[in-house]
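Observations on the model geometry
The chain contents come next:
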Amino acid sequence: MSDLDLLTQSLARNVRHWRSVRGFTLDVLAARAAVSRGMLIQIEQARTNPSIGTVVKIGDALGVSITTLLDYEQGPKVRIVPAERAVRLWHTEAGSYNKLLAGTEAPGPLEMWEWRLMPGESSSSEPHPGGTVELVHVTTGELTLTVDGEDHLVPAGASATFEANTAHTYGNRGAVPMELVMAVSVPPVHRDTP
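Residues numbered from 1 in each chain as written. Predicted model: local features only at pLDDT ≥ 70, side-chain atom pairs only at ≥ 80, totals over all residues. Heavy atoms only, no water.

Concerning the pattern of salt bridges
Two side chains with opposite charge may pair up if their charged atoms get near one another. Taken as a whole and assessed by the stated rule, the structure comprises five salt bridges. In this structure, the salt-bridge partner of Arg37 is Asp27, at a minimum N-O distance of 3.0 Å. Of the two residues, Arg37 is situated in helix H3 (residues 37-44) and Asp27 in helix H2 (residues 26-33); the sequence distance between them amounts to ten residues. Asp27 sits in the partly exposed class, given a relative accessible area of 48%. (Salt bridge = Lys/Arg side-chain N within 4 Å of Asp/Glu carboxyl O. Helix = DSSP H or I, 4+ residues; strand = E, 2+ residues; numbered from the N terminus. Buried < 20%, exposed > 50% of the residue type's maximum accessible area, 1.4 Å probe, protein only.)

Structural notes on unusual backbone geometry
Within the chain, Ala34 stands out as a residue other than glycine whose phi angle is a positive 55 degrees. In this structure, Ala34 sits in the loop between H2 and H3. In this model, Ala46 sits at a positive phi of 55 degrees, which is unusual for a non-glycine residue. Assignment of secondary structure puts Ala46 in the loop between H3 and helix H4 (52-62).

Quick look at the side chain of His168
Within the fold, His168 resides in strand S9 (residues 168-171). Given a relative accessible area of 2%, His168 falls into the buried group. A polar contact of 3.2 Å, which involves the side chain of His168, links it to the side chain of Glu134. Those residues in contact with His168 that sit more than four places away from it in its chain are Ser123, Ser124, Ser125, Glu126, His128, Glu134, Thr146, Val147 and Phe162. (Polar contact = N/O pair within 3.5 Å; in protein donor to acceptor, adjacent residues only side chain to side chain. Contact = heavy atoms within 4.5 Å.)

What about the environment of Gly149?
Considering the arrangement of structural elements, one finds Gly149 in the loop between strand S6 (142-147) and strand S7 (150-155). For Gly149 and His168, which are 19 residues apart along the polypeptide, the C-alpha to C-alpha distance reads 7.6 Å.

Some words on the packing of helix H1 (residues 3-22) against H4
Here H1 crosses H4 at 25 degrees, and the two axes come no closer than 10 Å. Between H1 and H4, the crossing angle belongs to the class labelled roughly parallel. Handedness of the crossing formed by H1 with H4: left-handed. Every residue of H4 that contacts H1 at Leu11, Val15, Trp18, Arg19 and Arg22 is listed here: Val55, Ile58 and Leu62. A per-class count over the contact of H1 with H4 returns six nonpolar, no polar and two charged. (Axes fitted to C-alpha atoms, helices over the stretch in contact; angles between N-to-C directions. Parallel < 35°, antiparallel > 145°, perpendicular 65-115°, else oblique. Left-handed = near helix turned anticlockwise from the far one by under 90°. Nonpolar A, V, L, I, M, F, W, Y, C, P; charged D, E, K, R; others polar.)

Structural notes on the sheet that holds strand S3 (residues 110-117)
Here six strands make up an open sheet; going across it, the order is S1-S2-S3-S10-S5-S8 and the pairing antiparallel. Looking along the sheet, the strands with just one partner apiece sit at the ends: strand S1 (87-91) and strand S8 (159-163). With direction set aside, neighbouring strand axes in the sheet form an average angle of 20 degrees. In this structure, strand S5 (residues 133-140) lies alongside strand S10 (residues 178-185), joined through seven bridges in antiparallel fashion. In the sheet register, His137 faces S10, and the bridge partner there is Val181. (Pairing = 2+ DSSP bridges.)

Observations regarding the pairing of S7
Looking along a regular strand, one sees the side chains alternate between the two faces of the sheet. Sheet analysis places S6 next to S7, joined by six bridges and oriented antiparallel. Each bridged residue has a counterpart across the sheet, and for Leu145 the counterpart in S7 is His152. Hairpin remark: S6 followed by S7, antiparallel, with two residues in the connecting loop; positive phi at Asp148, about 55 degrees.

Brief notes about H3
Residues of H3 that are buried include every one of Leu40, Ile43 and Glu44, and no others. The buried side chains of H3 occupy one side of the element, clustering within an arc of 90 degrees when seen end-on. Considering only its buried residues, H3 is in contact with H1, H2 and H4. Backbone geometry just downstream of H3 places Ala46 in the positive-phi region, at approximately 55 degrees. (Arc of directions from axis to C-beta.)

A word on the packing of H2 against H4
Interhelical geometry of H2 versus H4 gives an angle of 110 degrees and a closest axis separation of 8 Å. As the angle between them shows, H2 and H4 are arranged roughly perpendicular. Regarding H2 and H4, the two cross each other, and that crossing is right-handed. Within the contact between the two elements, H2 uses Leu29, Arg32 and Ala33 and H4 uses Lys57, Ile58, Ala61 and Leu62. For the contact of H2 with H4, a count of residues per class yields five nonpolar, no polar and two charged.

This is the structure:
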């Protein structure tokens, strides 16, 4: 089984599991995630490889991290993620990428990412649920962080944090690659939360 097949099967199993845990019907999850019911059916039957944006929306709606949705198996209390098991969710031909390093569910989803953006490239994100916080630390180059239409320059060695319930973009307007480490904290989802 290829890595892609393994991820597709894991996503199917985990979306079904967490939808059941939350007590959501397909229609409820579709409405919460702004994803079609048909797409959810295809995901739960492992018949499609959805975009990272779709996986993020589903994770946000279920109140679980992308790590949990893509997890091959539930591990012990101490979980070590070998470098080769980190999941690269997107990349460009120029060499930009993001990589999900690790994540956990207690008390709400918490994820740790590694990002690289080549000069002139950027990655935009739709707003996350209220209470979501992102924390970044730039290790190389300079990040142009755009939050709600306002640019903030974050040089190497500096860190930034922001509430991620508004549109935001990570960009590299410099002449050298920009690298950062990011943590994303999402509040837990309560069954009665719309």
